[in-house]
Amino acid sequence: FLSERYLRELLPLLLRGHQVVVHELMRTEVKLRLHRGAPEGREQAQFVERKNDEVVRADIDGVPTVLHVEFQSTHKGDLGLRLLAYHALLAGRYAPLPVRSLLVYLMHEPPSTTTTGFSDAQVTFQCDVFRPWESPIGLGEVRQRPALAPIAALTPGIGTGDLERLRELVEGAALPARERGDLLVLTYVLAGRRFASHLLQSFLRSKVMEDSP
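Predicted model, so just to flag it, every value in this text is computed and none were measured. (Residues numbered from 1 in each chain as written. Predicted model: local features only at pLDDT ≥ 70, side-chain atom pairs only at ≥ 80, totals over all residues. Heavy atoms only, no water.)

Caption draft 1: Spatial organisation of the nonpolar core. Judged by nonpolar contacts, the single largest core of 45 residues is most densely connected at Leu 11, Leu 14, Leu 67, Leu 102, Val 142 and Ile 151. With 7 residues, the single largest contributor to this core is helix H1 (residues 2-14). The next biggest cluster of nonpolar side chains, apart from the first, holds 10 residues, and it includes Leu 83, Leu 103, Tyr 105 and Phe 125. (Core = buried A, V, L, I, M, F, W, Y, C linked by side-chain atoms within 4.5 Å. Buried < 20%, exposed > 50% of the residue type's maximum accessible area, 1.4 Å probe, protein only. Helix = DSSP H or I, 4+ residues; strand = E, 2+ residues; numbered from the N terminus.)

Structure follows, in structure tokens:
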């Protein structure tokens, strides 16, 4: 929901240091067929994974590019390999346009392992990575772009004392009431990964959330 509704506003933040001009958000489905090893070394049956990817046609630093955005709330060991596989499938579909991959971790602290791509003896693949725990988003940025509020709640730019102000900024945004409610629900859900539930009840609950799915 976050990527479908707000990816256009989020991308300049998620790709900090780059000039991003979004032209089109494209929904596309790619299929992966992978083998995974069983714990005892036996190979499990082949499986098919379907994924609706967020794919964006954009100019990045002036270069027309197809950008694949992957949101992850957990880290799994095969994440780099899966990103490489999606990247290759999209490169084949959209050639000759270059394909770029962006991994967005939806966590407030780093997992035990993170990835920036995949490498073996023959292939080296690098993706862009957004790490909220290293990328503070302050209240001033949320005031300018309310869509940043959900991810801002994961970053060190927002502390416990900022939650009430964060809610006020979303409530006062020049957006339809339903959209403000949706943003607050998203903020509530993501902030729940970092803050205690009683703090969320005290500082983030709002009447505008009532009509949000």
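Caption draft 2: Spotlight on the pairing of strand E3 (residues 63-72). Of all 10 residues making up E3, 7 are buried, and the element is well covered by its neighbours. Where E3 meets strand E4 (residues 99-105), 7 bridges bridge the pair, whose relative direction is parallel. What sits directly across from Glu 70, in E4, is Leu 103. (Pairing = 2+ DSSP bridges.)

Caption draft 3: Quick peek at the packing of H1 against helix H6 (residues 177-191). The geometry of H1 relative to H6 is characterised by a closest axis approach of 12 Å and an angle of 100° between their N-to-C directions. By the criterion of interaxial angle, the relationship of H1 to H6 is roughly perpendicular. Between H1 and H6, the contacting residues are Leu 2, Arg 5 and Tyr 6 on the first element and Glu 179, Asp 182, Leu 183, Leu 186 and Leu 190 on the second. Considering only residue class, the contact of H1 with H6 consists of 5 nonpolar, no polar and 3 charged. (Axes fitted to C-alpha atoms, helices over the stretch in contact; angles between N-to-C directions. Parallel < 35°, antiparallel > 145°, perpendicular 65-115°, else oblique. Contact = heavy atoms within 4.5 Å. Nonpolar A, V, L, I, M, F, W, Y, C, P; charged D, E, K, R; others polar.)

Caption draft 4: Structural view of the pattern of salt bridges. In the structure shown here, the tally under the stated rule is 8 salt bridges. For the salt bridge of Arg 57 with Glu 24, the shortest nitrogen-to-oxygen distance reads 3.3 Å. You can see Arg 57 sitting in strand E2 (residues 47-60) and its partner Glu 24 sitting in strand E1 (residues 20-34), a full 33 residues away along the chain. For Glu 24, a relative accessible area of 32% corresponds to the partly exposed category. In this structure, Asp 78 and Arg 82 form a salt bridge, with 3.4 Å as the shortest nitrogen-oxygen distance. One continuous salt-bridge network, built from bridges that share partners, spans Arg 5, Arg 178 and Asp 182. (Salt bridge = Lys/Arg side-chain N within 4 Å of Asp/Glu carboxyl O.)

Caption draft 5: Just the pairing of E4, in detail. Counting buried residues along E4, 6 of its 7 residues qualify, which places the element largely inside the surrounding structure. Note on the crossover from E3 through helix H2 (residues 79-94) to E4: the handedness is right-handed. Here E4 pairs with strand E7 (residues 128-130) via 3 bridges, running parallel. Along E7, the bridge assignment pairs Val 104 with Phe 130. (Right-handed = clockwise from strand over helix to strand, strands pointing away.)

Caption draft 6: View of the packing of aromatic side chains. Using the criterion set out here, one finds 1 aromatic pair in the structure. The ring of Tyr 188 has Arg 205 lying over it, and the distance from NZ or CZ to the ring centre is 5.7 Å. (Phe/Tyr/Trp six-rings, centres within 6.5 Å; stacked < 30°, edge-to-face > 60°. Lys NZ or Arg CZ within 6 Å of the ring centre and 35° of its normal.)

Caption draft 7: Structural context of the side chain of Thr 187. Position of Thr 187 relative to the elements: it lies in helix H6. Setting aside anything within four residues of it in sequence, one finds Thr 187 in contact with Ala 149, Pro 150, Ala 153, Leu 166 and Leu 204.

Caption draft 8: Structural context of the environment of Arg 194. By the element assignment, Arg 194 lies in the loop between H6 and helix H7 (197-203). Separated by 39 residues in sequence, Arg 194 and Thr 155 have C-alpha atoms that sit 9.3 Å apart. Excluding residues within four positions of it along the chain, Arg 194 makes contact with His 108, Ala 153, Leu 154, Thr 155, Pro 156, Ile 158 and Gly 159. Side-chain polar atoms of Arg 194 contact the backbone oxygen of Ala 153, separated by 3.1 Å. Within the local environment of Arg 194, its side chain forms a polar contact with the backbone oxygen of Thr 155, the two atoms lying 2.6 Å apart. (Polar contact = N/O pair within 3.5 Å; in protein donor to acceptor, adjacent residues only side chain to side chain.)

Caption draft 9: Broad picture of unusual backbone geometry. Going from Ala 95 to Pro 96, the amide bond is cis rather than trans, its omega being 15°. Although it is not a glycine, Asp 61 sits at a positive phi angle of roughly 55°. Its location among the elements puts Asp 61 in the loop between E2 and E3. Judged by relative accessible area, Asp 61 falls into the partly exposed class, the value being 40%.

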